[in-house]
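# Coordinate inspection notes
Chain residues, written in single-letter form:
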Amino acid sequence: MQARMKDVYKLASGGYQALQAMETFVTGSGVPRETLELVRLRVSQINGCGLCVDMHAREAREGGVTDERLWAVAAWREAPFYTDAERAALALAESVTRIADRPEGVEDEVWQEAAAQFDEPTLAALLMAIASINAWNRINVATRQIAGSFR
């Protein structure tokens, strides 16, 4: 596999800086780091972004996420390793990522559970995190960025 563009982020440095500013906001927003990394990992799996799957699995592990939680994130509904808040965040992340798959967009029950688990500022930040990882994934998949190339 070869990247279609070697330095997409250098070529579009203003866009890169904007995405980095979003990451800075999200990191300081109060959404727990483990939740953010699990969401980033799951969205990246859905979108088939090898670079982000690799990066966020590593960052999650560095942030204290256990191997069993990393290995099971694709099957989080059937695994006992996640808190209610993490489950709500993962459900919301999947629903937002697959928004075009449903006529109603994000299902009411998914939204209501997320709203029950997170206060409004934290829920808003979680939505920004989901939007951000989807943007990163789309850029990386479109340009075929290689897993491990971020190191």
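Figured I'd write up the structure that's included with this text. (Residues numbered from 1 in each chain as written. Predicted model: local features only at pLDDT ≥ 70, side-chain atom pairs only at ≥ 80, totals over all residues. Heavy atoms only, no water.)

## Some thoughts on the overall build of the protein chain
What the protein chain contains, in helices and strands, is eight helices and zero strands. Ordered by position from N to C terminus, the α and β elements of the protein chain give α-α-α-α-α-α-α-α. Judged by the C-alpha coordinates and their principal axes, the protein chain covers about 40 × 30 × 30 Å. Across the 151 residues of the protein chain, 40% fall into the buried class. As displayed, the protein chain has an accessible area near 8200 Å², and 54% of this comes from carbon and sulfur atoms. If the 16 positive side-chain charges of the protein chain are averaged to one point and the 21 negative ones to another, these points end up 11 Å apart. (Helix = DSSP H or I, 4+ residues; strand = E, 2+ residues; numbered from the N terminus. Buried < 20%, exposed > 50% of the residue type's maximum accessible area, 1.4 Å probe, protein only. Areas by Shrake-Rupley, 256 points an atom, 1.4 Å probe, with all protein chains shown as cover. Lys, Arg positive; Asp, Glu negative; His and termini not counted. Charge placed at Lys NZ, Arg CZ, Asp CG, Glu CD.)

## Topic: the nonpolar core
Formed by 37 residues in total, the largest nonpolar core has its most connected members in Val39, Tyr82, Leu90, Leu92 and Leu126. Looking at this core, the elements that each hand over two or more residues are helix H2 (13-27), helix H3 (33-47), helix H4 (50-62), helix H5 (67-72), helix H6 (84-97), helix H7 (108-117) and helix H8 (120-142). For this core, the element with the most residues is H8, which contributes seven residues. Residues in contact with tyrosine 82, not counting those within four places in the same chain, are Leu38, Glu68, Arg69, Ala72, Val73, Trp76, Arg87 and Leu90. (Core = buried A, V, L, I, M, F, W, Y, C linked by side-chain atoms within 4.5 Å. Contact = heavy atoms within 4.5 Å.)

## Topic: H4
Compared with an ideal rise of 1.5 Å per residue, which puts 13 residues at 18 Å, H4 spans 18 Å between its outermost C-alpha atoms and is within 8% of the ideal. Every buried residue of H4 is accounted for by Leu51, Cys52, Asp54, Met55, His56 and Ala60. The inward-facing, buried residues of H4 abut H3, H5 and H8. One or two positions beyond H4, positive phi appears at glycine 64, with a value near 105 degrees. (Expected span 1.5 Å × (residues − 1).)

## Some remarks on the packing of aromatic side chains
Under the definition given, this model contains four aromatic pairs. With centroids separated by 5.9 Å and ring planes inclined at 80 degrees, the aromatic side chains of tyrosine 16 and tryptophan 136 adopt a geometry described as edge-to-face. Remark: tryptophan 136 occurs in helix H8 and tyrosine 16 occurs in helix H2; sequence separation between them is 120 residues. Exposure remark for tyrosine 16: the relative accessible area of 32% places this residue in the partly exposed category. On the numbers, 6.4 Å between centres and 70 degrees between planes, the contact of phenylalanine 81 with tyrosine 82 is edge-to-face. Under the relative-accessibility criterion, tyrosine 82 is labelled buried at 6%. (Phe/Tyr/Trp six-rings, centres within 6.5 Å; stacked < 30°, edge-to-face > 60°.)

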